[in-house]
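As a plain string of letters, each chain reads:
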Amino acid sequence: MSDRQLLVTAALPYANGHIHLGHLVEYIQTDIWVRFQKLRGRKCVFVCADDTHGTAIMIRARHEGRPESELIADMQAAHERDFRGFDIEFDHYGSTNSEENYELCKDIWSSLRQANLIAEKDVEQLFDPVAGTFLADRFVKGTCPHCKTPDQYGDNCSKCGETYAPTDLIDPVSTLSGATPVTKSANHLFVQLEKQHEFLEQWTQSGEHLQTEVANYLKGHFLGNPLRDWDVSRPDPYFGFAIPDSPNNYWYVWFDAPIGYIASTWQWCKKNNESLADWWKNDQTEIHHFIGKDITYFHTLFWPGVLKAAGYSLPKFVHIHGFLTVDGEKMSKSKGTQVQASTYLKHLDPAFLRYFYASKLGPKLDDIDLNITEFINKVNSDLVGKVVNLASRSARFVETTGLAVEYPHDGGLFSTAAIAGERIAQAYDELDYARAMRIIMELADQANAYVENTAPWTLKKDPTQHVRLQEVCTVVLNLFRQLCIYLTPVLPRLANQCGQLLNANISSWSDSQTPLVGTTVSKFEHLLQRIAPEKVHAMIEESKESTQEPAATTPTVEASATPVDSGDALLQEPLAPTCTIEDFTKVDLRVARIIKAEEVPEAKKLVKLTVSLGGDNTRTVFAGIKAAYSIEQLQGRLVVIVANLLPRQMKFGLSEGMVTAAGPGGTEVFLLGIDSGAVPGQRVH
RNA sequence: GGGACCGUAGCUCAAUGGUUAGAGCAGGGGACUCAUAAUCCCUUGGUUGCAGGUUCGAAUCCUGCCGGUCCUACCA
């Protein structure tokens, strides 16, 4: 232990969206670990920041007609408020849009230059003359140069699978303005990661810094081939930092985002009179990153490569966790299971979620499931029924007398639990919170059994037994306090309440090793309320509506009775270029009835539909709606199809049309219906 | 189709290659009445996805199937 100190980071939330229950898995996991380390007396600093740069922010700010700085300031305030609400306690929370970050980017950049890791290449890119911006691949659509399929994104063709540059597209169109983009050459800068290949191979495969699944993944996916050069620049205009030695170029958001870890540390250092080198260029400092599995590549290859080249410390460990599902499914806005942090807090105590996540989290990167019924049962049963119940059934008996002056015989319960503390600590340290919670609940069971056997309520009735009553309650409250100490990283508020109840604050893990005696006992008040299922359901209901709430930019606005739709959907998929009525009439939309819906077992997304346009007029259509609709739901219903679409040969057969639907895909697909009265074959005008 | 991970009681999960595979919750039976209908005792529940193999010994290691999740190829 000695001099070693810990620097801990959680991934930087992007300034384009609010914190939801999925994000909180990571912040709660990290916060618990940090609180545990601090409680154990280790020097540990927890930093984070908002990730603020990039095209998405620039476009959004434009849409909202205000400067980026305003947008990201609002969002950061909302993020910090959400974190505070969940008792996530950073030592410093910064922003990637800071002076310190810019300084560090420059410093690291010049190191990369000196190490000869930067390559320059001219890249032909499409430029939108109306929006005045270069277009990322997904902002360009056009006809595939190989198979001539129209309406393809700029990186590859969804029909023939060919990959190409957006400049190869025939008749490209900007999805931002609808303008025809022009080709413009720009100088791009690349980090030649391949030059670090040998080092990264050794670092990732050493078994010391990554979970084994992650190391295997990298080996199989990336390290078997030469590592691709990383394009880390974006031409003007771009919301970010200008690259000093490359006019009109900005660092790509993924370049400056991880450097934000260092910048935030630096800001913390300035506040606390510490030296940055002591934290980022010091073997005695262990750096621990906590991230989700979606950003593995950046943190396990690109980031170590950059740090190594620039002479900063490498992470001691990159801890990667899985995603959150709700009731076994991906979070869904329409089902109300993508619950925003602020919505949760309106209905429920943050302790519930902290405990539930703790009881599910292990050191692996498995996804964890928030099953609503289990959530309610587990929290009520474990926290209220077992832990808090101990205080509830003993504290009132000693409100007047306080705790006994000497710790009485308890059959070895306290010392057993004290010894178990080491196993619990080890579980916390290894991020196996589920194991820690299991051990703690076993101890709670034993303590409840003790109450049962000693029956303080019987002792109370007999005046000659009042000394014994005080002894028994002293034991029970000490066992309760021990549990609170062990739960402090997860439930800091409960630890405080326990301190107030027994008039002795919990300040260190070692408090669990010595019984508390002779203190007064405060008047007992309920420490936690049970979860009422209605509240959980109300939260889900509100989350269903909240897709229509004003988004990100106006976080302080409360949900109102009249729906206010956010601009998110439009932002995800900007308007297509203007078309004429003639253009529109080229598309023949028809009402059709699904007369047969069939599974395509081998297909992951597709369902085979036989639709009728009335009379004998039927056709086969494949639709990518497998995840969103069951066969039964589809059978017989009316849909709107594109009836004059060029038939397309797909893997499982010929598709003679297209079913219209909205939504991003997956389970979030919503078929177009039609009001009753319409009949198959009618055209949509 | 390719790759990564996983499959243990109704549910969520334990179990360094080593007794008869265990907990919690749910279910069933009883007890208690201090406690937020909480708690305590007893109890039902398993071909460890399937089939082989290695081994004195396999939930664990190997091979092949089956099934699931994720990344990636088909949401005309």
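Residues numbered from 1 in each chain as written. Chains lettered and ligands numbered in written order. Predicted model: local features only at pLDDT ≥ 70, side-chain atom pairs only at ≥ 80, totals over all residues. Heavy atoms only, no water.

### Notes on the overall build of chain A
Selection rule: Helix and strand labels come from DSSP, where a helix needs a run of H or I of at least four residues and a strand needs a run of E of at least two; each type is numbered from the N terminus. Think of it in three bands: residues with accessible area under 20% of the maximum for their type are buried, residues over 50% are exposed, and the middle band is partly exposed, with areas taken using a 1.4 Å probe on protein chains only. In this description, contact between two residues means that some pair of their heavy atoms is separated by no more than 4.5 Å. Here the accessible surface of atoms and residues is derived via Shrake-Rupley with a 1.4 Å probe, and residues count as covered only by protein chains that are part of the display.
When you go through chain A residue by residue, the secondary structure sums to 21 helices and 27 strands. When the 685 residues of chain A are sorted by exposure, 52% land in the buried category. Summarising the internal contacts of chain A: among those between residues at least 6 apart in sequence, 72% fall at separations of at least 24. Accessible surface for chain A amounts to roughly 30,800 Å². Of this, 50% is attributable to carbon and sulfur atoms.

### Concerning the packing of helix α4 (residues 99–114) against helix α7 (residues 253–272)
Two measures define how a pair of helices packs: the angle their axes make with one another and the distance between the axes. Quick note on the threshold: Orientation is described by lines fitted to C-alpha atoms, with helices fitted over the stretch in contact, and by angles between N-to-C directions that extend from 0 to 180 degrees. Any angle between 65 and 115 degrees counts as roughly perpendicular, while under 35 counts as roughly parallel, over 145 as roughly antiparallel, and the rest as oblique. Handedness of a crossing is defined here by the sense of rotation of the near helix relative to the far one, left-handed for an anticlockwise turn of less than a right angle and right-handed for a clockwise turn. Gly falls in the polar group here, along with every residue not listed as nonpolar (Ala, Val, Leu, Ile, Met, Phe, Trp, Tyr, Cys, Pro) or charged (Asp, Glu, Lys, Arg).
Packing of α4 against α7 brings their axes to within 8 Å, and their N-to-C directions diverge by 125°. Between α4 and α7, the angle falls in the class oblique. With respect to the hand of their crossing, α4 and α7 are arranged in right-handed fashion. Taking contact as the criterion, the partners of Glu100, Asn101, Glu103, Leu104, Cys105, Ile108, Trp109 and Leu112 in α4 are, on α7, Phe255, Asp256, Ile259, Gly260, Ile262, Ala263, Trp266, Gln267 and Lys270. Looking at the contact of α4 with α7, its residues break down into 10 nonpolar, three polar and four charged.

### Digging into the pattern of salt bridges
Here is the rule we go by: By definition, a salt bridge exists where a carboxyl oxygen of Asp or Glu is found within 4 Å of a side-chain nitrogen of Lys or Arg.
Going through the model one piece at a time under the given rule, you end up with 30 salt bridges. With a shortest N-O distance of 3.4 Å, Arg40 and Glu422 are connected by a salt bridge. Here Arg40 is found in the loop between α1 (21–39) and β2 (44–50), whereas its partner Glu422 is found in helix α13 (residues 413–429), with 382 residues between them in sequence. With relative accessibility at 31%, the residue Arg40 sits in the partly exposed group. Residue Lys346 pairs with Glu542 through a salt bridge whose shortest N-O separation is 2.6 Å. Of the two residues, Lys346 sits in helix α10 (residues 341–347) while Glu542 sits in helix α18 (residues 533–545), which places them 196 residues apart along the sequence.

### Focus: the layout of surface pockets
Operational definition: Here a cavity means grid points, on a 1 Å grid over the protein atoms only, where a 1.4 Å probe fits yet cannot get out; a pocket means an open set of points with protein on both sides within 12 Å along at least five of seven lines; lining residues are those with an atom within 4 Å of a point. Grid points are joined across faces, edges and corners, and a volume is the space filled by probe spheres set on the points.
Looking at the second largest pocket, its volume works out to about 380 Å³. Looking at the second largest pocket, it is lined by 22 residues, and the ones nearest its centre are Trp33, His288, His319, Asp429 and Glu430. Counting residues per element, the lining of the second largest pocket draws most heavily on α13, at four residues. For the lining of the second largest pocket, the class distribution of residues is eight nonpolar, five polar and nine charged.

### Section: the state of the cysteines
Note the cut-off: By disulfide we mean two sulfur atoms from cysteines, separated by a distance within 2.5 Å.
Evaluation of the coordinates by the stated rule reveals zero disulfides. Its sulfur unpaired, Cys105 is 16 Å from the next cysteine sulfur, which belongs to Cys48. Cys269 carries a free sulfur, and the closest cysteine sulfur to it, the one in Cys44, is 14 Å from it. Here Cys269 falls in the buried class, since its relative accessible area comes to 1%.

### Overview of unusual backbone geometry
Note the cis peptide between Asp236 and Pro237, where omega equals -5°. By secondary structure assignment, the location of Pro237 is in the loop between β11 (233–235) and β12 (249–251). The phi torsion at Asn116 lies on the positive side, around 60°, for a residue other than glycine. As for its position among the elements, Asn116 is in the loop between α4 and β4 (118–128).

Take it as geometry only, folks, not as evidence of what the structure does.
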